[in-house]
Amino acid sequence: MLFDSHCHLNSDQFDEHDVLEMIHTARDQDVVQILVPGYDLASSQRAVELADSWQGLYAAVGIHPNDAAQATEEAYEQLREWAKLPQVVAIGEIGLDYHWETTPKEVQFEVFRRQIRLAKEVNLPIIIHDREAHGDIVQILREEGAQEVGGIMHCFSGSWEMAKECMNMNFLISFGGPVTFKNAKRPQEVASKVPLDYLLVETDAPYLTPEPYRGKRNQPLYVRHVAGKIAELRGMEFAEICKITSDNAERIFRVRNPFVSL
Ligand code: NI
């Protein structure tokens, strides 16, 4: 069984019918647990609702750096309220994005720091979005003592050195579609070295579709191709990678597969 640790079923690109179909298709092929991260208030609310309606779906709430302008005091208060709900298992995705220069860095830093403090206050792990901001991400996580709650480096694109620094701060390393791309030397190198206890897989659907579907819209089912590639890189069985990454996701989010009867 597989756990897609980062999937935007709350995206505007999916209508109700798409969501229903994708969840059933995924489950039919053993992708039974999905974490739906928010990126602004509306998508966080939608994640909360989805996780409330489906067993095996969980929500994270947070404000993405590109939407940092939304981060008013009322917004932080709303995140804090959602964080009390049982289906909300993380704060995210939050972080820094230097690719799109829509939000000044100073604003991104402030919104990122505030949400790390919120995660510590509500004792939930953090899901990190890091786009071309590796050094500042590590520095802020360290300065804010994010180690206390730990979390996930989502769709990790940093170096092996950075991965080690993040793991030292209790962050797991999650890989998505890019690890399947032919020219993805660095994520492939890191994915073959990360200790198994720190390894996660994700789709980031509807974005970053793995091979052999690159160019099409992504969906949670395709996390199988990410897990398959990592199994190949490490010379391990597909089923082992599925089991290990599901166990890791259940551990960091403190959830248990509702489809396994004990
Ligand atoms: Ni995302």
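Since the structure is predicted, the reported quantities are computational estimates derived from the model, not experimental observations. (Residues numbered from 1 in each chain as written. Predicted model: local features only at pLDDT ≥ 70, side-chain atom pairs only at ≥ 80, totals over all residues. Heavy atoms only, no water.)

> Would you mind going over the nonpolar core with me for this structure?
Nonpolar side chains in soluble globular proteins tend to end up buried together. The biggest cluster of nonpolar side chains holds 75 residues, and the ones touching the most others in it are L141, M153 and F175. Filtering out sequence-adjacent residues up to four positions away, L141 remains in contact with F112, I116, I128, A146, M153, M169 and F171. Judged by nonpolar contacts, the second largest core, of 14 residues, contains Y58, A90, L172 and I252. (Core = buried A, V, L, I, M, F, W, Y, C linked by side-chain atoms within 4.5 Å. Buried < 20%, exposed > 50% of the residue type's maximum accessible area, 1.4 Å probe, protein only. Contact = heavy atoms within 4.5 Å.)

> How should the pairing of strand β3 (residues 57-61) be read in this particular structure?
Counting buried positions along β3 yields five of five residues, so the element is predominantly enclosed. Neither face of β3 is exposed, since L57, A59 and V61 on one face and Y58 and A60 on the opposite face are all buried. Handedness of the crossover is the feature at issue here: the chain leaves strand β2 (residues 31-37), passes through helix α2 (residues 41-53), returns alongside β3, and the resulting connection is right-handed. (Helix = DSSP H or I, 4+ residues; strand = E, 2+ residues; numbered from the N terminus. Right-handed = clockwise from strand over helix to strand, strands pointing away.)

> Before we go on, may I ask you to explain the sheet that holds β2 in this structure?
Each strand in a sheet pairs with its neighbour through backbone hydrogen bonds, running either in the same direction (parallel) or in the opposite one (antiparallel). One open sheet accounts for eight strands, arranged β1-β2-β3-β4-β5-β6-β7-β8; its pairing is parallel. Every interior strand has two partners, whereas the edge strands, β1 (2-4) and β8 (199-201), have only one. The mean angle between the axes of side-by-side strands here comes to 30 degrees, regardless of whether they run parallel or antiparallel. The pairing of strand β6 (residues 151-153) with strand β7 (residues 171-175) spans three bridges and is classified as parallel. Looking at β7, one finds that G151 is bridged to F171. Along the sheet, helix α4 (residues 105-122) contacts β4 (88-97) and β5 (126-131); its crossing angle with β4, the most-contacted strand, is approximately 160 degrees. (Pairing = 2+ DSSP bridges. Axes fitted to C-alpha atoms, helices over the stretch in contact; angles between N-to-C directions.)

> How should I be thinking about α4 in this particular structure?
Over its 18 residues, α4 extends 26 Å from the first C-alpha to the last, a length consistent with the 26 Å expected when each residue adds 1.5 Å. Within α4, burial applies to Q108, F109, V111, F112, R113, Q115, I116, L118 and A119. Tucked into the core, α4 has its buried residues touching α3 (73-82), β4, β5 and α5 (134-143). Taken from the residues just after α4, N123 is the one with a positive phi, measuring 55 degrees. (Expected span 1.5 Å × (residues − 1).)

> Even after reading the chapter, I still don't get the pattern of salt bridges, so can you show me in this structure?
If the charged atoms of two oppositely charged side chains come close together, the side chains can form a pair. Scanning all chains against the criterion turns up 15 salt bridges. The closest approach of N and O atoms between R117 and E144, which form a salt bridge, is 2.8 Å. Here R117, found in helix α4, pairs with E144, found in the loop between α5 and β6; they are 27 residues apart in sequence, far enough to count as distant. Through salt bridges that share partners, R113, R117, E143 and E144 make up one connected network. (Salt bridge = Lys/Arg side-chain N within 4 Å of Asp/Glu carboxyl O.)

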